[in-house]
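Letter by letter, the chains look like this.
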Amino acid sequence: ASILVIQGPNLNLLGTREPEVYGKTTLADIHAKLGEIAKAHSVDLDTYQSNHEGQLIDRVQKAKQDGVDFIIINPGAFTHTSVALRDALAGVAIPFTEIHLSNIHQREEFRKHSYLSDIATGVICGLGAIGYELALQAAIARLQK
Ligand code: DQA
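This text gives an overview of the structure that appears in the document. (Residues numbered from 1 in each chain as written. Predicted model: local features only at pLDDT ≥ 70, side-chain atom pairs only at ≥ 80, totals over all residues.)

### Focus on the overall build of the protein chain
Then, number 1: Looking only at helices and strands, one finds five helices and five strands in the protein chain.
Then, number 2: Reading the secondary structure of the protein chain in the N-to-C direction produces β-α-α-β-α-β-α-β-β-α.
Then, number 3: In terms of overall dimensions, the protein chain is globule-like: its C-alpha atoms have a radius of gyration of 14 Å, near the 15 Å expected for 145 residues.
Then, number 4: Projected onto the principal axes, the alpha-carbon positions of the protein chain cover approximately 35 × 30 × 25 Å.
Then, number 5: The buried share among the 145 residues of the protein chain stands at 32%.
Then, number 6: In the protein chain, of all internal contacts separated by at least 6 residues, the share reaching a separation of at least 24 is 76%. (Helix = DSSP H or I, 4+ residues; strand = E, 2+ residues; numbered from the N terminus. Rg over C-alpha atoms; globule rule 2.2 N^0.38 Å. Buried ≥ 20, exposed ≤ 12 C-beta atoms within 10 Å, placed from the backbone. Contact = placed C-beta atoms within 7 Å.)

See below:
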C-alpha cells in the first residue's frame, strides 16, 4: 500500500512559526515519525510540501498516476480558499484525510470553512503533531482491512 502526505503553504516553517498555535515540532520531525510508523507496517510513505497551489495540484494529479492509495493532506490556508485543490482531490478520487494542527473552529471566522471537509474521508484538527500519527494509523488500518 502507498500513502502520500501533502503539506501546504508555510508548513515548512513548523517549529518556528507561531509555536503557540502550531507547536514546536518541525516538519522534518513529523515526517520522520510518520516514516517509522509506515516502515513498521510495511507501507510505502511519501511526503511533499509546497507553498504553491499549482504544485500541490500537480502533486495530487501525480498521485493518481503513481497509484497512491490514500492521501493525508494539511492544505494550510488553501483549506479556506482553494476550489482548485478540492477539484484536484475530487478528480483523482483518492480517499483522503484532511488534517490541521490547530483547531480551526476555535480561531478566526475565515478558518471555519473548508473547501475539502465534505469530500474527505475524515478530518482531524486541533491535536497538534500527533494528529498526523493518528491520521496515518487510521489510513493504514483502512488499507489493511
Ligand atoms: C492549518 C490551519 C490553517 O488555517 C492555516 O492557514 C495553516 C495551518 C493548521 O494546520 O492548523 O496554515 O492548516
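After that view of the structure, there is still more to cover.
### So, the packing of helix α2 (residues 27–40) against helix α5 (residues 130–144)
Then, number 1: Where α2 contacts α5, the two axes come as close as 10 Å, and the packing angle between them is 25°. Here α2 is positioned roughly parallel relative to α5, judged by the angle of their axes. Taken as a pair, α2 and α5 cross one another with a handedness that is right-handed. Here α2 contributes Ile-30, Lys-33, Leu-34, Ile-37 and Ala-38 to the contact with α5, which in turn contributes Tyr-132, Glu-133, Leu-136 and Gln-137.
Then, number 2: Its residues placed into classes, the contact of α2 with α5 shows six nonpolar, one polar and two charged. (Axes fitted to C-alpha atoms, helices over the stretch in contact; angles between N-to-C directions. Parallel < 35°, antiparallel > 145°, perpendicular 65-115°, else oblique. Left-handed = near helix turned anticlockwise from the far one by under 90°. Nonpolar A, V, L, I, M, F, W, Y, C, P; charged D, E, K, R; others polar.)

### Re the pairing of strand β1 (residues 2–7)
Then, number 1: Burial analysis of β1 places five of its six residues in the buried class, which makes it a mostly covered element.
Then, number 2: Direction of pairing for β1 relative to strand β2 (residues 44–49): parallel, over a ladder of six bridges. Looking across to β2, one finds that Gln-7 is bridged to Gln-49.
Then, number 3: Across five bridges, the pairing between β1 and strand β3 (residues 70–74) is parallel. Paired with Val-5 across the two strands is Ile-72, which belongs to β3. (Pairing = 2+ DSSP bridges.)

### A word on the pairing of β3
Then, number 1: Of all the five residues making up β3, five are buried; the element is thus mostly covered by neighbouring parts of the structure.
Then, number 2: Of the two faces of β3, the one lined by Phe-70, Ile-72 and Asn-74 and the one lined by Ile-71 and Ile-73 are each fully buried.
Then, number 3: Sheet analysis places β3 next to strand β4 (residues 96–100), joined by three bridges and oriented parallel. Among the inter-strand pairings, Ile-71 is bridged to a residue of β4, identified as Phe-96.
Then, number 4: Crossover connection from β3 via helix α4 (residues 83–92) to parallel β4: handedness right-handed. (Right-handed = clockwise from strand over helix to strand, strands pointing away.)

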